Amino acid sequence: MVDMTFGYGGKGKLSAIADIGVGGVSLSIVQTSGVTSTVLATGRSVLSFEPHTPEQSVGMLAAQIKEAGDLALSQYAAHHQKAPILSVHAVIHAPWVHTQTVRAAKRFESDTPAQDSHVAELAKAGLALATEIDQSRLIEASVTRIEVNGYRTKRHENVRVRTLDAVSLISDCEADVKSAVASALGALFPVAKISWRSGARAIAAFVDDTDLSDTDVLIIDMSTDTTHVITLRKGLFEQSIVPEGVRTILARLAGGGLPDATLGHIRMLEREACSNEACEAVQSAMALAEPDLARIFGECIGKMAAVRHVPNDLILITHHDLETWLGRFFTRIDFTQFTITTLPFEVHTPQSLGIENWILGVPQESALAVDTALVNIEADS
């Protein structure tokens, strides 16, 4: 990364951020100060209703990255200096990335000043505990939570402890996916260093920087073709993948229309600015789709709740035009049998949690905004 000055008048580190999921890619060029990030340009691959096999989805990745990257670079070149991008953050979502969280603990016979070396020892132990991860394909391993004598702390150095716990987040990535992403990003940004992150890490870091940082939450991370469902409790994950996403939901609603047209009708319906037959058809399709969506997500959440009831606070990350409707859906549909309090979900979005306090400039999709929050948080750490 390198400091550059742009038309916004501030100094910051210039980087690109690519959000990569099954079925779609979005990419932004941002200027990050560690306090806020300014989005200078953004682009997204075209959304299509056509289903693909897993092999086809991987095969399309290079073209999708190029499409999103070309759009972002075109905007960047048109409105800003043409300084080269020296840093790229590739944020890859499940199921292409597999993430495991583990807890390692150290006990002392007497009060002992905690040191970084103790945390490093626990991080190494955590890596050994991550038996679900293929360590030959490792892309990230980091300590995300430290507890001193049973209490979470941001500063542990020289604090006298009897017990020290560290939660680590560890991810691997499918080799063919990583290879395709590295090649495509390298073609777009030939002098840039690529940093690899999981979508789960981005979300966990963002939540940890909000008012829900000490709250157990259920996360619905909806990509184009799949949804990653995560319960996050004290830094630890329980998770599942649902084969339902933005593309499949829009296909239910489209009635022969195109994805962008369907999203446009949903957007107008939410603004109460649409009353033609096409909007009425989409509105009816939304009502007809809800029982199937309730069954699909109910089965997933129900399996989680069979082991342990899920938190009431739900964080929804999806296409911004679907947020209001799906937010109502998760609040209104009776999932109360699965929640800890037997009360309905309280739905939060990145916007309702104040993500705009950290991100300025060109609007981003929710998942990409969460990725940008991660980059900003890491710049400040």
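Further up the page is the structure itself.
Report on the accompanying structure. Fair warning: this is a prediction, and the values are worked out from it, not measured in the lab.

Considerations on the sheet that holds strand 15 (residues 346–348)
- Reading across from one edge, 13-12-11-14-15 is the order of the five strands in this open sheet, with mixed pairing throughout. A single partner strand is all that each edge strand has here, and the edge strands are strand 13 (236–242) and strand 15. Direction aside, neighbouring strands of the sheet carry axes that sit 20° apart on average.
- Alignment of strand 11 (residues 217–222) against strand 14 (residues 313–317), held across five bridges, turns out to be parallel. Bridging across to strand 14, Leu218 finds its partner in Leu314.
- Sheet contacts for helix 4 (residues 199–207): strand 11, strand 12 (227–233), strand 13 and strand 14; angle to strand 12, the most-contacted strand, approximately 40°.
- Those strands touched by helix 7 (residues 277–307) are strand 11, strand 12 and strand 13, and its axis lies near 150° from that of strand 13.

Concerning the packing of aromatic side chains
- Throughout the structure, instances matching the rule amount to six aromatic pairs.
- Seen from their ring centres, Phe329 and Phe330 are 5.0 Å apart, and the 75° between their planes marks the pair as edge-to-face.
- Residue Phe329 is classed as buried on the basis of its relative accessible area of 0%.
- Among the aromatic residues, those joined into a ring-pair cluster are Phe297, Phe329, Phe330, Phe335 and Phe345.

Considerations on the environment of Pro259
- Among the secondary structure elements, Pro259 is positioned in helix 6 (residues 259–270).
- Classification of Pro259 by relative accessible area gives buried; the value is 7%.
- Apart from residues no more than four positions distant in its own chain, Pro259 is found in contact with Leu47, Ser48, Phe49 and Leu250.

Remarks on the pairing of strand 14
- For strand 14, the buried fraction is high: five of the five residues fall into the buried class.
- Residue alternation in strand 14 divides its side chains into two sets, Asp313, Ile315 and Ile317 and Leu314 and Leu316, and both sets are buried.
- Alignment of strand 14 against strand 15, held across three bridges, turns out to be parallel. Along strand 15, the bridge assignment pairs Ile315 with His348.
- For the handedness criterion, the β-α-β arrangement of strand 14, helix 8 (residues 320–332) and strand 15 is classed as right-handed.

Describing the sheet that holds strand 8 (residues 151–152)
- The four strands are arranged 6-9-7-8 in an open sheet whose pairing can be described as antiparallel. The open sheet has two edge strands with one neighbour each: strand 6 (97–113) and strand 8.
- Pairing geometry for strand 7 (residues 138–148) and strand 9 (residues 160–173), over nine bridges, is antiparallel. Bridging from a neighbouring strand, Glu140 pairs with Ser171 of strand 9.
- Packed on one face of the sheet, helix 2 (residues 116–129) meets strand 6, strand 7 and strand 9 and runs near 140° to strand 6.

Rules of the game
Residues numbered from 1 in each chain as written. Predicted model: local features only at pLDDT ≥ 70, side-chain atom pairs only at ≥ 80, totals over all residues. Heavy atoms only, no water. Pairing = 2+ DSSP bridges. Helix = DSSP H or I, 4+ residues; strand = E, 2+ residues; numbered from the N terminus. Axes fitted to C-alpha atoms, helices over the stretch in contact; angles between N-to-C directions. Contact = heavy atoms within 4.5 Å. Phe/Tyr/Trp six-rings, centres within 6.5 Å; stacked < 30°, edge-to-face > 60°. Buried < 20%, exposed > 50% of the residue type's maximum accessible area, 1.4 Å probe, protein only. Right-handed = clockwise from strand over helix to strand, strands pointing away.

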